[in-house]
Structures are given as C-alpha cells and as structure tokens.
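Summary of structural features
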Amino acid sequence: MPFISKDWRSPGEAWVKTEEGWEKKKVLENCKTIKQGNSEEPSAFINNETAIQPHCHITIKSTKEIAGFNELNEAVKKLDFMSAVRDVRRFNYICALLGLLIGQQMTALSGCAQKVLLAMLEEVASQAVTSQHNPRNFRQLLKKLRTLSDAERKSCWGGLLGSQVLWSEHTTKIERILKMAANMQICELSPESRPQLLQLPEECIREIILRLSDHRDLTASAQACEQMAAIVGEQRIWRELTKFHFSPTQIDLVLPKNCEKIDWKEIYHSLKKSFGLNEDRQYAEMLSLCRYCRCLFWRSLGHPCIADQCPEFRARLQEAGGITPPSPVPPSAFLKFFSL
C-alpha cells in the first residue's frame with residue numbers, strides 16, 4: 001500500500017498509480033529507461049549510454065542494522081523479465097521459474113506476486129504462440145496452471161480466498177492464456193523454402209544434434225524420421241551428452257570395467273538417476289549474484305559493479321587474491337531470496 005500520510009515516519013518513496021496497481025516511481029523510471037535502450041541485440045544495453053543495465057540489489061541476510069526484505073514484483077521489473085522472455089537464451093530459465101511459482105498455491109503469494117506471475121505467464125504464452133518455439137515448456141506451464149486453477153476453486157467454501165476483484169482479474173487473464181494456447185498451431189515450412197534440415201549434409205545434421213543438451217529433444221528428434229533416428233542412435237551423440245552433464249569422476253563410477261562395447265545412452269540415464277542434472281548446464285543463461293554489490297544481474301549484460309567503478313576497491317581485491325567471479329543463481333535459489 002502507498003504511504004499517503006504526512007507523518008514524519010514516511011520512508012520518502014514516491015508512488016504512482018498504474019493499471020496494475022501502485023508502483024514505486026523510481027522502479028518505473030528504471031524500467032522505462034531499460035525499455036528505451038532495449039532491442040533484439042544482446043549488446044544493446046552496453047552500447048546505449050543512456051540505458052541502465054538490468055540489475056537488482058537484494059538483502060542476503062537481515063541484521064539489527066539492516067532489517068530489509070526483497071520484493072518479488074520489484075525484482076522482476078528491475079531485472080526486466082518481460083524482455084528476457086523474448087530472448088531465446090533466457091526463455092527456459094523464465095519458464096522454470098514460473099513452473100516453481102505455479103507449483104505453489106496462489107493464495108500463499110501476495111497480490112503483487114500473483115499479478116507478476118500471471119503477467120509473465122501471459123508474456124510467455126504470447127512469445128510461444130508468435131515464435132512457435134519451445135512449445136513443450138509452454139504446455140508444461142499450462143498443465144500446472146490448469147491444476148492450480150482447479151485447486152484454488154475447491155480450496156474454500158463457496159469461493160476463493162481473497163479479494164474478489166483481484167481474483168476476477170486473475171480469472172480473466174487465465175482464460176485469455178488458455179485461449180491463446182488453444183489457438184496455437186505449429187505451421188509447417190513451405191515446401192519451396194530452402195534449405196530444409198534433411199537437405200543438409202549428414203555431417204551438418206550431426207553437428208546440430210550435438211548442440212542439444214536435453215535428452216528429451218534427442219528422443220523427439222529420433223521420432224521425426226529414420227535419418228534423424230539413425231544419427232541419434234550413434235554412441236557419439238550420447239557420449240558427448242554424458243560428458244557435458246557429468247564430471248569424469250561421476251562417469252568412472254558407472255562406466256563398466258574391461259568392457260569393449262559401451263552403451264552411452266544407458267550410462268547417461270544411469271547417471272541422471274543417480275546424480276540428477278546440474279542446473280547450471282540446463283540453461284543457456286542464468287542470473288548471477290555479485291559477491292561485492294549484492295545484486296542480481298544477467299551475465300551477458302553485466303551490471304554497474306563497485307569493483308569496476310572504484311579503483312581503490314579493485315586494488316584491494318587484487319592484493320587479497322583477485323576478483324571472485326559471480327555466483328550463478330538457478331531458479332530455485334532465486335526464489336529463496338523472497339518470503340513466499
């Protein structure tokens with residue numbers, strides 16, 4: 001709620017009423033500047049001097065001196081998640097984050113967090129329908145959304161818990177998202193378009209297959225045609241996939257001794273069952289946490305770091321052993337910064 005009293009205890013924040021509710025003025029100004037400098041090129045934030053690199057300062061631990069907390073809706077705006085949805089490198093990360101949020105009960109989230117959740121989901125639906133990319137992740141989110149919607153209807157006697165106006169807006173958005181999903185169709189390429197995938201040399205197709213990091217994509221490719229199935233069935237494909245996701249030490253634990261013929265597909269699934277897949281390898285780009293500024297940022301876009309802006313601080317870091325690289329933040333770790 002905005003602080004509208006003239007009491008001297010006011011935090012000094014200016015609030016603006018928008019279509020989505022009350023928002024902090026400085027957050028809206030940052031988002032406006034980011035959108036003005038944003039484009040399809042990843043380097044647009046760096047090349048444009050007037051643009052602000054998306055970043056969000058967070059409170060790692062509350063103390064007696066710093067009794068702060070982090071707001072999910074503010075972090076989403078400052079990190080420009082809406083534009084990140086349209087970036088193919090960050091799309092899977094956003095979908096995984098939404099999947100974790102939808103997995104919770106909507107009534108356990110604040111009203112602002114609920115609005116942010118559905119707004120991001122609607123943007124994902126729009127991007128998936130327009131680009132016709134990543135339909136599997138979108139369908140998984142829709143399945144969770146339907147389950148969540150049904151559970152919320154049955155959670156209370158006679159109606160939903162909370163503001164009726166807010167839930168009316170949520171219901172409208174959910175129906176709009178489901179309608180977009182129902183109208184989604186994967187259009188085939190025109191027969192006249194050249195070159196098509198199967199018209200490429202086998203070496204090129206194999207190199208494309210080697211770039212896939214998800215075994216489900218390999219299985220789906222094998223079901224497309226006999227030529228793709230023959231390439232996916234090669235041991236080299238599954239060997240490279242195994243080496244990408246697991247360390248040599250883990251592979252040695254499962255690798256059979258004194259065996260001439262090795263089934264790398266079986267080894268991959270055995271390692272996946274024993275160790276699971278590392279989250280750092282599942283996304284082309286993730287959020288990172290700066291150890292000095294205590295802020296979240298996208299690795300490819302960078303952030304205004306104190307180590308770069310203060311030569312004295314940078315010199316002290318060099319004397320202490322060098323600059324420590326930022327820590328990757330998977331979706332599950334990102335949500336731990338907020339009280340959800």
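Counting restarts for each chain: residues are numbered from 1 in the order of the written sequence. The model is predicted, so local features are restricted to residues of pLDDT at least 70 and side-chain atom pairs to those at 80 or more, both for listing and for counting; the totals for chains, interfaces and linings are taken over all residues. Side-chain metrics rest on all non-hydrogen atoms present in the structure, leaving aside hydrogens and water.

**Thoughts on the packing of helix H5 (residues 91-102) against helix H6 (residues 111-131)**
- Interhelical geometry of H5 versus H6 gives an angle of 140° and a closest axis separation of 11 Å. Viewed along their axes, H5 and H6 adopt a mutual orientation that is oblique. Our pair here, H5 against H6, has a crossing hand that is left-handed. On H6, the residues that touch Phe91, Ile94, Cys95, Leu98, Leu101 and Ile102 of H5 are Leu117, Met120, Leu121, Val124 and Gln127. Lines fitted to C-alpha atoms define the axes, with helix axes restricted to the stretch in contact, and inter-axis angles between N-to-C directions lie between 0 and 180 degrees. Numbering of helices and strands starts at the N terminus; helices are DSSP runs of H or I of at least 4 residues and strands are runs of E of at least 2. An angle below 35 degrees is read as roughly parallel, one above 145 as roughly antiparallel, one from 65 to 115 as roughly perpendicular, and any other as oblique. For a crossing to be left-handed, the near helix must be turned anticlockwise from the far one by less than a right angle; the clockwise case is right-handed. Pairs of residues are marked as contacts when any of their non-hydrogen atoms sit within 4.5 Å.

**Topic: H5**
- To estimate the expected span of a helix, subtract one from its residue number and multiply by 1.5 Å. Compared with the 16 Å implied by 1.5 Å per residue over 12 residues, the 16 Å span of H5 between its first and last C-alpha is a close match.
- The buried count for H5 comes to 9 of 12 residues, which makes it a mostly enclosed element. Think of it in three bands: residues with accessible area under 20% of the maximum for their type are buried, residues over 50% are exposed, and the middle band is partly exposed, with areas taken using a 1.4 Å probe on protein chains only.

**A closer look at the pattern of salt bridges**
- By salt bridge we mean one thing: a side-chain nitrogen of Lys or Arg within 4 Å of a carboxyl oxygen of Asp or Glu. Taken as a whole, this structure holds 15 salt bridges when the rule is applied.
- Where Glu122 meets Arg176, a salt bridge forms, and the shortest distance between an N and an O atom there is 2.6 Å. Pair noted here: Glu122 is in helix H6 and Arg176 is in helix H8 (residues 164-182), with a separation of 54 residues, a long-range link.
- We note a salt bridge from Arg211 to Glu207, for which the minimum N-O separation is 3.3 Å.
- A network of salt bridges, in which partner residues are shared, links Asp87, Arg89, Arg90 and Glu285.

**Let's talk about the packing of H6 against H8**
- It is at 10 Å that the axes of H6 and H8 come closest, and there the two elements cross at 15°. When the axis of H6 is compared with that of H8, the two are roughly parallel. With respect to the hand of their crossing, H6 and H8 are arranged in left-handed fashion. Between H6, through Gly111, Gln114, Lys115, Leu118, Ala119, Leu121, Glu122, Ala125, Ser126 and Val129, and H8, the contact on the second element is made entirely by Leu166, Trp167, Glu169, His170, Lys173, Ile174, Arg176, Ile177 and Met180.
- Of the residues contributing to the contact of H6 with H8, the split by class is 10 nonpolar, 4 polar and 5 charged. Under the scheme applied, nonpolar residues are Ala, Val, Leu, Ile, Met, Phe, Trp, Tyr, Cys and Pro; charged residues are Asp, Glu, Lys and Arg; polar residues are all the others, including Gly.

**Section: H8**
- Along its 19 residues, H8 runs 27 Å from first to last C-alpha, staying within 8% of the 27 Å computed at 1.5 Å per residue.
- Looking only at H8, the buried set comprises Leu166, Trp167, His170, Lys173, Ile174, Ile177 and Ala181. The buried side chains of H8 occupy one side of the element, clustering within an arc of 120° when seen end-on. Seen from the open side of H8, the exposed residues pointing more than 90 degrees away from its buried face are Gln164, Val165, Glu175, Lys179 and Ala182. Working note: the arc is built from the helix axis to C-beta atom directions.

**A word on the side chain of His303**
- Relative to the assigned elements, His303 resides in the loop between strand E5 (295-298) and helix H15 (306-309).
- Taking the relative accessible area as the measure of exposure, His303 reaches 12% and is therefore buried.
- Not counting residues up to four positions away in its chain, the partners in contact with His303 are Gln53, His55, Cys290, Cys293, Cys295 and Phe297.

**Some thoughts on the nonpolar core**
- Of all hydrophobic cores here, the largest spans 48 residues; its most connected members are Phe81, Tyr93, Ile94, Val124, Trp298 and Phe334.
- A per-element tally of this core places H6 first, with 9 residues.
- Setting aside residues up to four positions removed in sequence, Val124 forms contacts with Val85, Phe91, Ile94, Cys95, Leu98, Phe138 and Leu141.
- Residues Ile205, Ile209, Phe246 and Tyr268 belong to the second largest nonpolar core, which totals 15 residues. In this description, a nonpolar core means a group of buried Ala, Val, Leu, Ile, Met, Phe, Trp, Tyr and Cys residues linked to one another through side-chain atoms lying within 4.5 Å.

**Some points on the sheet that holds strand E3 (residues 55-57)**
- The rule for pairing is simple: two strands pair if DSSP sees at least two bridges between them. Ordered in space as E3-E5-E4-E6, the 4 strands form an open sheet in which the pairing is antiparallel. If you trace the sheet from one side to the other, it starts and ends with E3 and strand E6 (327-329), each paired once. The sheet shows a mean angle of 30° between the axes of neighbouring strands, direction not considered.
- Examined bridge by bridge, strand E4 (residues 287-289) and E5 share 3 bridges and lie antiparallel to one another. The residue of E5 that forms the bridge with Leu289 is Leu296.

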